[in-house]
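What follows is each chain in one-letter form.
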Amino acid sequence: MAADPGRVRTYRPMTDIDAPEAAPTRVGDEGLDARLVVDRGAFRLDVSLTAAPGDVVALLGPNGAGKTTALRALAGLVALTDGHLRLDGAPLEDTPPESRPVGVVFQDYLLFPHLTALDNVAFGPRCQGVPRAEARTQAAAWLERMGLADHAHAKPRRLSGGQAQRVAVARALATRPRLLLLDEPLAALDARTRLEVRAQLRRHLAEFEAVAVLVTHDPLDAMVLADRLVVIEHGQVVQQGTPADIARHPRTDYIAQLVGLNLYRGRADGHAVRLDAGPSLTTTEELSGPVFVAFPPSAVTLFRDRPTGASARNLWRCEVEGMETHGDQIRADLTGELALAADLTTVAAAELDLHPGAAVWATVKATQTHAYPA
Amino acid sequence: MTSPLGPDAATGPRTGRPRRRRVGTGGRRGVPLPLLLPGLVALAFLLLPLLALIVRAPWRTLPDQLSSTQVWQALQLSLVSATAATAVSLVLGVPLAWLLARTEFPGRGFVRALVTLPLVLPPVVGGVALLLALGRNGVIGRWLDAWFGITLPFTTTGVVIAEAFVAMPFLVISVEGTLRAADPRYEEAATTLGASRFTAFRRVTLPLIAPGIAAGAVLAWARALGEFGATITFAGNFPGRTQTMPLAVYLALQDDPDAAISLSLVLLAVSIAVLAGLRDRWMTGA
Amino acid sequence: MTRSVHRTRRMLKVAGAGAAALLALSACSSSTDSATSKDSASSAAAGSSSSPKLSGNVTVFAAASLKESFTALGKEFEQQHPGTKVSFNFGGSDTLAASITSGAPADVFAAASPKTMAIVTGKKDAARTPATFVRNQLEIATLPGNPHKVASLKDLTASGLKVVLCDKTVPCGAAAQKALDASHLKLTPVSYEQDVKGALNKVELKEADAAVVYKTDVHAAGDKVQGVEFPESAEAINDYPIVLLKNAPNTEAAKAFIALVRSAEGQKVLSEAGFLKP
């Protein structure tokens, strides 16, 4: 196996994203084993992916990171410059897209507008040589499973976003793929529909017996839908692991921002970590060498005057750079001795008379920080 | 349809196609003058010559003018050959349009320019070119004659060929434009569902671009119906075999302008009837 | 300066009239020869003959079969009368007649048949009675070497021979029909061409084996076709009338041009092209 086995671990499906233990499964002939290299001059994608049947892997990354290119390479819509692609042991690099056992749910679904929902779903089986009547029966069964039996004869333009999405999933599954690809499956939906469709999709993915790879830039979608996250930045994998692992131990600013943590790199010596950014920080963990330290914005307490009686540890002089509302919370972006984000209630913000430019003291309890080896 | 998803979710198309907005019946409101005036001038410019034709038509002698069998022969031949030329254009032109729109090959821009050449070529020159290629003594025609005994000039097939030659570019350009505007990802979606590129074209792309094909076919048909220069040069002029309406009109003009006007009126009336009929049937809902 | 302005305006008028001519299928196309500069014009005119000094543009509408000889005569005329310019519009006589009766500003009309001339005189657009200046006789044009051994009009009726005739609505077609009728022959061609050049082209391109055209056309085609004279052509000799038009913008120069055409010199040029004397 040419993949980088040292870093790749796979996990069984989980029902609870906070469940910490997830046993790695052996990747043998079954499942996906790929190294996708796509060279486009200025941009180079080089991503290794492995997954066992039943796995749901999310490719997470900012726009332009190469997620969609990776997905298109898996589908055969983009040729590999280098690397390999094996599915259930069979090499697929040179197989045209129509002959790959791969189903794709496109970002805006791309339901064929001239066909009914039923015929959209029957399209795949028909192409595989299933007789028309049989293909329609199968399609009807898929729509039934998706709760769309009533809309079988509707044209796509008559379907709501959520319904269209489910038709697209049914259409992709109807070819009985060994690899299901979903490109931003929820991005086209409004917030309310999204909640409902996400839950349904999660159920369908959990039932799906082969490998599913989904692309998203939304961490919540990734964490709810996937067993394992692969974070891609600039065409490279920067981190992968369970959602819980990644949420707790972000290794890049992008991920830290996604999961809403303050993240710093530094050198630990016992409980003290000398941050690369300057000041020191005290943690509960005892480590040595290069580490990451993370803490949530809610762990930060702000004072207008230097708090008396408190220990001088983890206390920094800062200035409010900007503020924005986050639900019923206010998030304050601070600069100064340490750049950090702090969450406080609207009432607290008013009492402190916070405004951009205001000088504040920020403190974090050591018990609320979390340090881990870099 | 009831949906708990709110009005936007319930009615908005979600397939990546632009949202169609329903235009109210009071669409005349606020038409800007700089558009209205030239538009009306253009309409008048296009209709005035036709109007003159109607005004100057010899209505009294019209029944006599149109009673000759030669007129109806020419009309029938025109309709049959224009339709056949359109069919030829469809069968050959749509694949060409697809090649131009969806494949990469060296010199594609040049080939696209070549395709439009019959549009700028004077039709008579086109006719001569066809003779040089497919005539009894032509580059290819001599072999057709020698091997199969087929000669195309002076035959109805020759009329269809001449008309297809000048009409096909209209279809190719129209279909190619529609293909370029159509989302190629539908074809990709079809291939991920197991469709070969041809199946994807036939079952997905073709229905998607049907309105563009219909528009191109109507253009090609209209052009073929009015074709004169290439037809008379390549296929000659023989009543019932190669004499189409435009040829009959031209020759009638030589010694009897009134007859020419009468024939033109018939051609106009038939064209308007067919085009209006097709427009209602095909173009709506496009 | 004023002259160039005047000329431009006249050109516009020509163009306008051309566009206005209802159903005039062939637009006026004037073959423009190099215009002599004003300086050389006046100096040459000083040494010229006693004839009144002519100037300006003469527009001649002439039957297509006159193209070669009239173009030569036009050059001749411009040399004889420096400062003048002869513009030609060659085409089917009927088309030209239709343009003239629709108001196209021409000075001279030379038609290939009295019948087409009658269209112009019938609308009272001619300034005087037309005069026949040449005659044209039919001839059979065959492929070079006459591979089918065509020797008479009757030979054209042989089956398997592809013959093209002019359409009966144009002079060469009417003349051919007259000759066929006179000899009681029935000939079914593969095509009735819209004009004599169209008929000749089909033989030149070897699409047809023979065509009935004018002597002058066979002459002009050189060795691309071979001419076969036939006695019946005497039954259908075509008179070419020429006339000064009523609304001629340049009457004096137009008269001089007609005179040149009818002069011994003009007749020489025309007979060299295969025309018969009137």
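As the structure is a computational prediction, the values presented were derived from the model and not from experiment.

A. Quick look at the overall build of chain C. The number of helices and strands found in chain C is 10 helices and 10 strands. Among the 278 residues that make up chain C, the fraction classed as buried is 47%. Within chain C, contacts between residues at least 6 apart in sequence are counted, and of these 79% link residues at least 24 apart.

B. How the structure looks around the sheet that holds strand 7 (residues 191-193) of chain C. Residues and elements named next belong to chain C. On the basis of which strands lie adjacent, the open sheet formed by five strands has the order 7-6-8-5-9 and mixed pairing. Strands with a single pairing partner mark the edges of an open sheet, and in this sheet they are strand 7 and strand 9 (226-228). The average undirected angle you get between the axes of adjacent strands in this sheet is 35°. Against the sheet, helix 6 (residues 171-182) contacts strand 5 (138-142), strand 6 (163-166), strand 7 and strand 8 (210-214), and its axis sits at roughly 115° relative to strand 6. Packing against the sheet, helix 7 (residues 196-204) makes contact with strand 5, strand 6, strand 7 and strand 8, and its axis sits at approximately 145° to strand 8.

C. Local environment of the UniProt feature "binding site: molybdate" (unreviewed entry) in chain C. Residue and element names in this part refer to chain C. UniProt's feature table lists "binding site: molybdate" (unreviewed entry) at Ser65, Ser93, Val196 and Tyr214, given in the numbering used throughout. Turning to its location among the elements, Ser93 is positioned in helix 4 (residues 93-101). Assessed through the 29 C-beta atoms surrounding it within 10 Å, Ser93 is described here as buried. Those residues in contact with Ser93 that lie beyond four places of it in its chain are Ala63, Ala111, Ala112, Ser113, Thr116 and Pro171. As for its placement among the helices and strands, Tyr214 is situated in strand 8. With sequence-adjacent residues up to four places away left out, Tyr214 is seen in contact with Ser65, Asn136, Leu138, Glu139, Cys172 and Val196.

D. Quick look at the sheet that holds strand 1 (residues 56-63) of chain C. All names here are of chain C. Across the sheet, which stays open at both edges, the five strands sit in the order 2-1-3-10-4 with mixed pairing between neighbours. The open sheet is flanked by strand 2 (84-91) and strand 4 (131-136), the only strands paired with a single partner. Averaged over all neighbouring strand pairs, the angle between strand axes comes to 20°, with direction disregarded.

E. Spatial organisation of the interface of chain C and chain B. With 19 residues of chain C at the contact, the number on the chain B side is 19 residues. Those elements that provide at least two residues to the side of chain C that touches chain B are helix 4 and strand 7 of chain C. Among the elements that line the side of chain C that touches chain B, the one with the most residues is strand 7 of chain C, at three residues.

F. Representation of the packing of helix 9 (residues 156-181) of chain B against helix 12 (residues 210-226) of chain B in the model. Residues and elements named next belong to chain B. The N-to-C vectors of helix 9 and helix 12 enclose an angle of 160°; their axes lie 8 Å apart at closest approach. By the angle between their axes, helix 9 is roughly antiparallel relative to helix 12. Every pair of crossing elements has a handedness; the one defined by helix 9 and helix 12 is right-handed. Two secondary-structure elements touch here, helix 9 through Glu163, Val166, Ala167, Met168, Phe170, Leu171, Ser174, Val175, Gly177 and Thr178 and helix 12 through Gly212, Ile213, Ala215, Gly216, Ala217, Leu219, Ala220, Arg223 and Ala224. Among the residues making up the contact of helix 9 with helix 12, the classes are represented as 12 nonpolar, five polar and two charged.

Conventions we followed
- Residues numbered from 1 in each chain as written.
- Chains lettered and ligands numbered in written order.
- Predicted model: local features only at pLDDT ≥ 70, side-chain atom pairs only at ≥ 80, totals over all residues.
- Helix = DSSP H or I, 4+ residues; strand = E, 2+ residues; numbered from the N terminus.
- Buried ≥ 20, exposed ≤ 12 C-beta atoms within 10 Å, placed from the backbone.
- Contact = placed C-beta atoms within 7 Å.
- Pairing = 2+ DSSP bridges.
- Axes fitted to C-alpha atoms, helices over the stretch in contact; angles between N-to-C directions.
- UniProt positions renumbered as here; feature names shortened; annotations may be inferred.
- Parallel < 35°, antiparallel > 145°, perpendicular 65-115°, else oblique.
- Left-handed = near helix turned anticlockwise from the far one by under 90°.
- Nonpolar A, V, L, I, M, F, W, Y, C, P; charged D, E, K, R; others polar.

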